[in-house]
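The lines below spell out each chain.
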Amino acid sequence: MRRNNGVSIVGWGHSPFGRLAHLDIEALIAGVCHEALSHSGFPAERMDGIWLGNLNGGFVPEIFCSSLPMNGEPGLRWKPATRVENACASGAGAIFAACDAIQSGRAQLALVVGVEKMTAVSGEEVTRILGSASYVKEEASCGKTFPSIFGEIASAYFERYGDHSRTLAQIAVKNHANGVANPFAQMRKALDFDFCNTVSDKNPVIAGPLRKTDCSLVSDGAAAIVLAADDLLGEAQRAVRIRGRAQVNDVLPLSRREPVRFEGPRRAFQAAFAEAGIGVDDLSFAEVHDCFTIAELLAYEAMGLTPEGQGARALEDGTVARGGRLPVNVSGGLKAKGHPIGATGVSMHVLSAMQLTGSAGDMQVVGAGLGGVFNMGGSAVANYVSILEPVK
């Protein structure tokens, strides 16, 4: 389906990601909303709605947080506000919902916020909450966690295509090296290959073949964007158009899917590419959902960079490296940047918009002209792909 009404990102805000003990969820929201509105040049009073991506599930007491942006921005009072939840893709879900409102003609300006405050509860509680986003009957209730689910996926991949422990370690090394240049990243520290590829007290096995360095971080953080219809771009100081986008959901039980095919992400990439009228080789960079290193490896194959089972080639030939033909996760990805659940999808769009406006600082990809974003909820269940291009 081709959409005629264009939607562009015209402003953004981004908090640091990490263990932010001094900031509660309200403060995180307030900070990025103020930054995004100021950056856009459009005042709060002109917003036609608020969409807030947030998983929560018990991380914080506030389960009804859609109106919290109004506390810091009085001009937002009386605006419709909606919380969007789609597991780890809640941020992209909020963006897509706001795009739908603009493209339907119901809105011209939208404020989208993604936020999560994860570190106020224990690590065990974080694991339990996240596990509830699985197919509980067969997964969480049987003691499976998301590390163990992705550990099963990695094990199945290894069984079919051989041991790729080294490949996963290479992904971790790449993303941590990239994260050093990201001022928002939770972990701005390079890790060497031997450390990532060796099981040790500091890098223990977490599940299946996945080691600690193969797993993303528990984080607090927020990001926000202002979206505008094409009619308003004359007033905007900058604009990054969402040229194509697609959401594809798969069935929830892993038992009913072939996990190593990443079929939901594959279909989402294909649909977004078709709507944008491009192919994978047209992209300048991609931000993909590396909740675990095996997810990034499978994303290479899902987007069509390599045939199935050959994702390692994209690392070995330097394609996905910074400076390669298609750099992947120059932000450091979830692996180094952090993964505050509801904020992740919005963060990916912010960092991509920075790349496309030449404002990414030390992260900048030279000559960036077209960016891809892949935000995933669950074990490749809710899959969102956006194709972004600069227009102003």
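Our structure's up above, just so we're on the same page.
Owing to the predicted nature of the structure, the values given are computational and were not obtained by experimental measurement.

> Got a minute to help me understand the environment of Lys79 in this structure?
Among the structural elements, Lys79 can be located in the loop between α2 (69-72) and β3 (81-84). In this structure the C-alpha to C-alpha distance between Lys79 and Ile225, which are 146 residues apart in sequence, comes to 16 Å. The contacts of Lys79, once residues within four sequence positions are left out, are Ala44, Glu45, Arg46, Met47, Ile50 and Met70.

> Honestly, the nonpolar core in this entry has me stumped. Any pointers?
With 91 residues, the main nonpolar core has Phe150, Leu227 and Ile294 as its most contacted residues. Considering each element in turn, this core owes the most residues, eight residues, to helix α3 (residues 90-103). With near-sequence residues (within four places) excluded, Ile294 lies in contact with Phe150, Ile153, Ala154, Tyr157, Leu168 and Leu210. Core analysis: the next-biggest nonpolar cluster, separate from the first, contains 38 residues, Leu28, Ile50, Leu68 and Val126 among them.

> Could you clarify how one ought to interpret the pairing of strand β7 (residues 220-229) in this entry?
Note on strand geometry: in a regular strand, side chains alternate between the two faces of the sheet. Burial of β7 is extensive: 10 of the 10 residues sit out of reach of the surface. Of the two faces of β7, the one carrying Asp220, Ala222, Ala224, Val226 and Ala228 and the one carrying Gly221, Ala223, Ile225, Leu227 and Ala229 are both buried. Summarising the sheet, strand β1 (residues 7-14) and β7 pair through seven bridges and their orientation is antiparallel. Looking across to β7, one finds that Ile9 is bridged to Leu227. As paired strands, strand β4 (residues 109-117) and β7 are joined by nine bridges and run antiparallel to one another. Directly across from Glu116, in β7, lies its bridge partner Gly221.

> So what exactly am I meant to see when it comes to helix α8 (residues 263-276) here?
Residues that lie three or four places apart on an α-helix share one face, since the helix turns once every 3.6 residues. Compared with the 20 Å implied by 1.5 Å per residue over 14 residues, the 20 Å span of α8 between its first and last C-alpha is a close match. In this structure, the buried residues of α8 make contact with β8 (240-249), α9 (293-302), β10 (371-377) and β11 (382-390). Gly277 lies just past α8 and shows a positive phi near 70 degrees.

> Even after reading the chapter, I still don't get the pattern of salt bridges, so can you show me in this structure?
Side chains carrying opposite charge are able to pair once their charged atoms draw close together. One pass over the full model with this rule turns up 15 salt bridges. The shortest N-O distance in the salt bridge between Glu125 and Arg128 comes to 2.8 Å. Of this pair, Glu125 and Arg128 are both found in helix α4 (residues 123-131), three residues apart, which corresponds to roughly one turn of the helix. Exposure remark for Glu125: the relative accessible area of 26% places this residue in the partly exposed category.

Calculation criteria
- Residues numbered from 1 in each chain as written.
- Predicted model: local features only at pLDDT ≥ 70, side-chain atom pairs only at ≥ 80, totals over all residues.
- Heavy atoms only, no water.
- Helix = DSSP H or I, 4+ residues; strand = E, 2+ residues; numbered from the N terminus.
- Contact = heavy atoms within 4.5 Å.
- Core = buried A, V, L, I, M, F, W, Y, C linked by side-chain atoms within 4.5 Å.
- Buried < 20%, exposed > 50% of the residue type's maximum accessible area, 1.4 Å probe, protein only.
- Pairing = 2+ DSSP bridges.
- Expected span 1.5 Å × (residues − 1).
- Salt bridge = Lys/Arg side-chain N within 4 Å of Asp/Glu carboxyl O.

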